[in-house]
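Now for the letters of each chain:
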Amino acid sequence: MANNNGIGRLKCKIIGKSSNAENLSSSATASNGKASFTCLSATYPFKFLTPKPIISFPKTLTAFMVSYGGGLVSGDIIDVDVDVGNEVSLCMLTQASTKVYKRRPCDTKSSATIPIPESPSNHSVADVHQNFTAHIGSDALLAFLPEPVTCFKNSSYNQTQLFSLSASGSLILLDWFTSGRASRGESWQFNRYASKNIVKLEKKTIIRDSWVLECDESSEEKRYLNRVKPYNCFAVLIFVGPKAMAFAKDALAAFEQVKVNGNMRRGNASGVGNEEVKSLVWSVSPISLPIDDDFSNTEDCGAIIRAASKETGEMRAFLSKRLELMHKEFGEHIFQRQI
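The shown structure was predicted, so the numbers you read here are calculated from the model rather than taken from an experiment.

**Q** I keep staring at the overall build of the protein and nothing clicks. Help me out?
**A** A tally of regular secondary structure across the protein gives five helices and 20 strands. Sorting the 339 residues of the protein into buried and exposed places 46% on the buried side. Counting only contacts in the protein whose residues sit at least 6 apart along the sequence, the fraction spanning at least 24 positions is 70%. Carbon and sulfur atoms provide 49% of the accessible area of the protein, an area that totals close to 16100 Å².

Written out as structure tokens, the structure is:
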């Protein structure tokens, strides 16, 4: 079995700054007040697609991340580096859910010519690994809104995403996954799903959010299925920075209304509380940072939403509602257009 290393690079710089493009990079540069890609690069099985920008929003760009064959196979390693330049707003999406196929033993006699690096945490190179690193410049915004990860039966997936923001940089981050191919009776039958999101503000870690679901059949109590049922889709939506504060405030206000309607610490799509298990539950917490050395005063810089639903479609509708302000930054509700 041949393993594939997919590499993608995206880099942005504003007019008046150095515009030298590095190797293996995709650059979004403001030229005459307009953002544009000056270099795009990706290797199999990964590639970028870049639709035409909206003329009335000259400093915004959109890029789709695509994998050949519609999914990731056992042993694939994807590494994507992104640098969003000052004042540029970039939205990154995928065309469809990230499908992770069945894990297969690694063939050490493979004829693959690309060397396979040692996998993190001692997990087998037969697992799928996806790494995303982004730097967001001053007054810049990255909206990272991929479709959900869908792990098939007996698959193993590991993902690490690191976002480094400048003092005035902003981030909208969506990370979500489903139970698998429910239509084929494969709900929660993957071997492993691990996702780690790290957000740094001026090199200081302000968010470290992780999911680990790993098959353990040693006892009924240790099966991850018992921790996720009856839900089939989970999501984390993070807003950080000045250009994301409107989204954060909207979410916090919506959740306050849910609490007024009697659902207290939980919300649902309709905002109505009752005793039965909700088809969708969610919560939101402000992200606060200290503004003095003794931590006596803090300042809100964003919010983090966590949600669970029985149906992926209902989760998508909920996320679309929380992202409905996208048109103000990008000229259209890009995430809703994906539905």
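**Q** Explain the packing of aromatic side chains to me, please; I cannot follow it from the model alone.
**A** A ring pair, where both rings are aromatic, is described by two values, the distance of the centres and the angle of the planes. Counted according to the given criterion, the structure contains 22 aromatic pairs. On the numbers, 5.8 Å between centres and 15 degrees between planes, the contact of Tyr-157 with Tyr-193 is stacked. With Tyr-157 in strand S14 (residues 156-165) and Tyr-193 in strand S16 (residues 192-201), the pair connects residues that are 36 residues apart, well separated along the chain. In this pair, the class of Tyr-157 matches that of Tyr-193, namely buried. Ring pairs connect the aromatic residues Tyr-157, Phe-177, Trp-188, Phe-190, Tyr-193, Trp-211, Tyr-224, Tyr-231 and Phe-234, which therefore count as one cluster.

**Q** Looking at this structure, I do not really get the confidence of the model for the protein. What am I missing?
**A** Predicted coordinates in regions of low pLDDT should not be interpreted in detail. The predicted model of the protein averages 83 in pLDDT, with 78% of residues at 70 or higher. Confidence drops under pLDDT 50 across residues 107-122; counting only partners more than four residues distant or on other chains, this segment forms 19 contacts. Low pLDDT, under 50, characterises residues 270-275; the stretch is placed with seven contacts to residues that sit more than four places away or in other chains.

**Q** Where do I start with the pairing of strand S11 (residues 128-136) in this structure?
**A** Look at any regular strand and the pattern is simple: side chains alternate between the two faces of the sheet. Examined bridge by bridge, strand S8 (residues 77-84) and S11 share eight bridges and lie parallel to one another. Bridging from a neighbouring strand, Val-84 pairs with Ile-136 of S11. Pairing between S11 and S14: nine bridges, direction parallel. Across the sheet, Asn-131 pairs through a bridge with Thr-160, a residue of S14.

**Q** I keep staring at the pattern of salt bridges and nothing clicks. Help me out?
**A** A side chain of one charge can pair with a side chain of the opposite charge when the charged atoms of the two come close. For the structure shown, the criterion picks out nine salt bridges. Put simply, Arg-192 and Glu-214 hold a salt bridge, and the shortest N to O gap is 2.9 Å. Of the two residues, Arg-192 is situated in strand S16 and Glu-214 in strand S17 (residues 204-214); the sequence distance between them amounts to 22 residues. Judged by its relative accessible area of 10%, Arg-192 is buried. Judged by relative accessible area, which is 37%, Glu-214 ranks as partly exposed. Note that Arg-306 and Asp-209 form a salt bridge whose closest N and O atoms lie 2.5 Å from each other. Here the residue Arg-306 occupies a position in strand S20 (residues 298-309), and Asp-209 occupies one in strand S17, the gap between them amounting to 97 residues. By relative accessible area, Asp-209 is classed as buried at 6%.

Calculation rules
Throughout this description, residue numbers start from 1 for each chain and increase along the sequence as written. In view of the model being predicted, local features appear only for residues whose pLDDT reaches at least 70, and side-chain atom pairs are presented and counted only at 80 or more, with totals across whole chains, interfaces and linings using the full set of residues. Side-chain measures here rest on the full set of heavy atoms in the structure, leaving out hydrogens and waters. The secondary structure listing takes helices from DSSP runs of H or I that are at least 4 residues long and strands from runs of E that are at least 2 residues long, numbered from the N terminus. Any residue under 20% of the maximum accessible area for its type is buried, any over 50% is exposed, and the rest in between are partly exposed; the area is computed with a 1.4 Å probe on protein chains only. By definition, residues are in contact when any of their heavy atoms lie within 4.5 Å. Here the Shrake-Rupley method, with its probe set to 1.4 Å, supplies the accessible areas, and only the displayed protein chains count as covering residues. Side-chain rings of Phe, Tyr and Trp (the six-membered ring for Trp) are treated as a pair once their centres are within 6.5 Å; stacked means planes under 30 degrees apart, edge-to-face means over 60, and tilted covers the remaining angles. Residue-level confidence of the predictor, termed pLDDT, takes values from 0 up to 100. At least two DSSP bridges between two strands are required for those strands to pair. The salt bridge criterion pairs a side-chain nitrogen of Lys or Arg with a carboxyl oxygen of Asp or Glu, the two atoms within 4 Å.

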